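Next come the chains, spelled out residue by residue.
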Amino acid sequence: MGKIIGIALIVIGVALAVWGYNVYDSASAQISRTFTGDTPIEAWLGMVGGAICAIVGILKVK
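Keep in mind it's a predicted model, so treat the numbers as computed, not measured.

Draft legend 1. Spotlight on the packing of helix 1 (residues 2-24) against helix 3 (residues 41-61). The interhelical angle for the contact between helix 1 and helix 3, taken along N-to-C directions, is 160 degrees, at an axis separation of 7 Å. By the angle between their directions, the pair helix 1 and helix 3 is classed as roughly antiparallel. Here helix 1 and helix 3 pass one another in a crossing that is left-handed. When the residues that make up the contact of helix 1 with helix 3 are grouped by side-chain class, the tally is 17 nonpolar, 8 polar and 3 charged.

Draft legend 2. Just a nonpolar patch on the surface, in detail. A surface patch of nonpolar side chains, about 590 Å² in accessible area, is lined by Ile41, Trp44, Leu45, Val48, Ile52 and Val56. Judged by relative accessible area, which is 46%, Trp44 ranks as partly exposed.

Draft legend 3. Structural view of the packing of aromatic side chains. Evaluated as defined, the whole model comprises 1 aromatic pair. With 6.4 Å between their ring centres and 35 degrees between their planes, Tyr21 and Tyr24 make a pair best called tilted. Taken together, the residues span about one helical turn, with Tyr21 and Tyr24 both in helix 1 at a distance of 3 residues. It is Arg33 that lies over the ring of Tyr24; its NZ or CZ is 4.1 Å from the centre.

What counts as what
Residues numbered from 1 in each chain as written. Predicted model: local features only at pLDDT ≥ 70, side-chain atom pairs only at ≥ 80, totals over all residues. Heavy atoms only, no water. Axes fitted to C-alpha atoms, helices over the stretch in contact; angles between N-to-C directions. Helix = DSSP H or I, 4+ residues; strand = E, 2+ residues; numbered from the N terminus. Parallel < 35°, antiparallel > 145°, perpendicular 65-115°, else oblique. Left-handed = near helix turned anticlockwise from the far one by under 90°. Nonpolar A, V, L, I, M, F, W, Y, C, P; charged D, E, K, R; others polar. Patch = residues over 30% accessible without salt bridge, like charges linked within 9 Å, V, L, I, M, F, W, Y side chains within 5 Å. Areas by Shrake-Rupley, 256 points an atom, 1.4 Å probe, with all protein chains shown as cover. Salt bridge = Lys/Arg side-chain N within 4 Å of Asp/Glu carboxyl O. Buried < 20%, exposed > 50% of the residue type's maximum accessible area, 1.4 Å probe, protein only. Phe/Tyr/Trp six-rings, centres within 6.5 Å; stacked < 30°, edge-to-face > 60°. Lys NZ or Arg CZ within 6 Å of the ring centre and 35° of its normal.

So this is what it looks like as structure tokens:
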């Protein structure tokens, strides 16, 4: 059962990281970064949350 949860966490983590990168790379985010220098919080949450989920998933699969 633990390996199934680990695999699910890896898949969810990768999906979150990809989503976060897409938000980071979107046109509206690039315009926002150009004028304000700020990165949307959704991008950081997706990339960092995805990385954490993937790491926890990898540790559960071991």
